[in-house]
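Residues per chain, in single letters:
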Amino acid sequence: MLGLGVVLWAPITEAGSSELLVIVNSQNPTGRLNASELRPIFQTSKRKWDNGALVEPVNLPEKSVQRQVFDKAVLGFDPDTALRYWIDRKVRGEARPPKKLTTAAAVVAHVASTPGGIGYIPAEGALGAGVKVIARVSGNQVKNP
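Here's a quick rundown of the structure. (Residues numbered from 1 in each chain as written. Predicted model: local features only at pLDDT ≥ 70, side-chain atom pairs only at ≥ 80, totals over all residues. Heavy atoms only, no water.)

## Regarding the overall build of the protein
Right, so step 1: The helix and strand tally for the protein stands at four helices and six strands.
Right, so step 2: Put simply, of all contacts in the protein between residues at least 6 apart along the chain, 73% involve residues at least 24 apart.
Right, so step 3: Of the accessible surface of the protein, which amounts to about 7900 Å², a share of 53% is contributed by carbon and sulfur atoms. (Helix = DSSP H or I, 4+ residues; strand = E, 2+ residues; numbered from the N terminus. Contact = heavy atoms within 4.5 Å. Areas by Shrake-Rupley, 256 points an atom, 1.4 Å probe, with all protein chains shown as cover.)

## A word on the packing of helix α1 (residues 35-42) against helix α2 (residues 65-75)
A pair of packed helices can be characterised by two numbers: the angle between their axes and the separation between those axes.
Right, so step 1: Contact geometry of α1 with α2 gives a least axis separation of 8 Å together with a crossing angle of 115 degrees. Between α1 and α2, the contacting residues are Ala 35, Leu 38, Arg 39 and Phe 42 on the first element and Phe 70, Ala 73, Val 74 and Leu 75 on the second.
Right, so step 2: For the contact of α1 with α2, the per-class residue count stands at seven nonpolar, no polar and one charged. (Axes fitted to C-alpha atoms, helices over the stretch in contact; angles between N-to-C directions. Nonpolar A, V, L, I, M, F, W, Y, C, P; charged D, E, K, R; others polar.)

## Comments concerning the layout of surface pockets
Right, so step 1: One number sums up the size of the largest pocket: a volume of about 440 Å³.
Right, so step 2: As for the largest pocket, its lining consists of 23 residues, and the residues nearest its centre are Glu 62, Arg 67, Leu 83, Trp 86 and Pro 97.
Right, so step 3: Of all the secondary structure elements, the ones that give two or more residues to the lining of the largest pocket are α2 and α3 (79-91).
Right, so step 4: Residue contributions to the lining of the largest pocket peak at eight residues, all from α3.
Right, so step 5: Of the residues that constitute the lining of the largest pocket, the class distribution is nine nonpolar, three polar and eleven charged.
Right, so step 6: In this structure, the second largest pocket encloses a volume near 160 Å³.
Right, so step 7: Every residue along the wall of the second largest pocket is listed here: Ile 41, Thr 44, Lys 46, Arg 47, Leu 54, Val 55, Glu 56, Pro 57, Ala 95, Arg 96 and Pro 97. (1 Å grid on protein atoms, 1.4 Å probe; cavity = no way out; pocket = protein on both sides within 12 Å on 5 of 7 lines; lining within 4 Å. Points joined across faces, edges and corners; volume = space filled by probe spheres on them.)

## Some thoughts on a nonpolar patch on the surface
Right, so step 1: On the surface, Leu 83, Ile 87 and Val 91 cluster together into a nonpolar patch covering about 310 Å² of accessible area.
Right, so step 2: Inspection of the secondary structure puts Leu 83 in helix α3.
Right, so step 3: What makes Leu 83 exposed here is its relative accessible area of 53%. (Patch = residues over 30% accessible without salt bridge, like charges linked within 9 Å, V, L, I, M, F, W, Y side chains within 5 Å. Salt bridge = Lys/Arg side-chain N within 4 Å of Asp/Glu carboxyl O. Buried < 20%, exposed > 50% of the residue type's maximum accessible area, 1.4 Å probe, protein only.)

As structure tokens, this is what we get:
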């Protein structure tokens with residue numbers, strides 16, 4: 001029997017929907033964000049929300065279609081460009097990439113339990129408690145939720 005707040009997700013693979021939901025902790029006062037507002041968050045150059053909380057972005061694995069769709073729409077990066085970008089940042093001693101989680105369920109759980117958490121998940125399935133949608137990524141574009 002499943003308890004309240006349990007969300008079931010299919011594994012993140014090469015197949016599946018390419019529509020994504022960008023989520024934040026439900027207590028975060030941030031409303032909708034567009035690609036130019038999401039970009040510095042996921043490039044880890046924006047470190048605080050407007051309310052002063054630390055921004056804590058999380059990514060899905062590099063090989064997942066969802067990560068590739070997100071990187072293209074938000075950062076303008078294909079997989080090779082993304083890899084080179086983070087290697088360059090590391091060599092220069094600059095900010096590290098967002099933490100990487102392996103499943104959508106892990107992203108939801110992290111964001112729900114982290115006041116400054118932000119991540120993205122496939123659009124299928126239920127969100128569960130503790131998160132809210134601030135943007136959608138579809139067709140390589142960031143849209144209002």
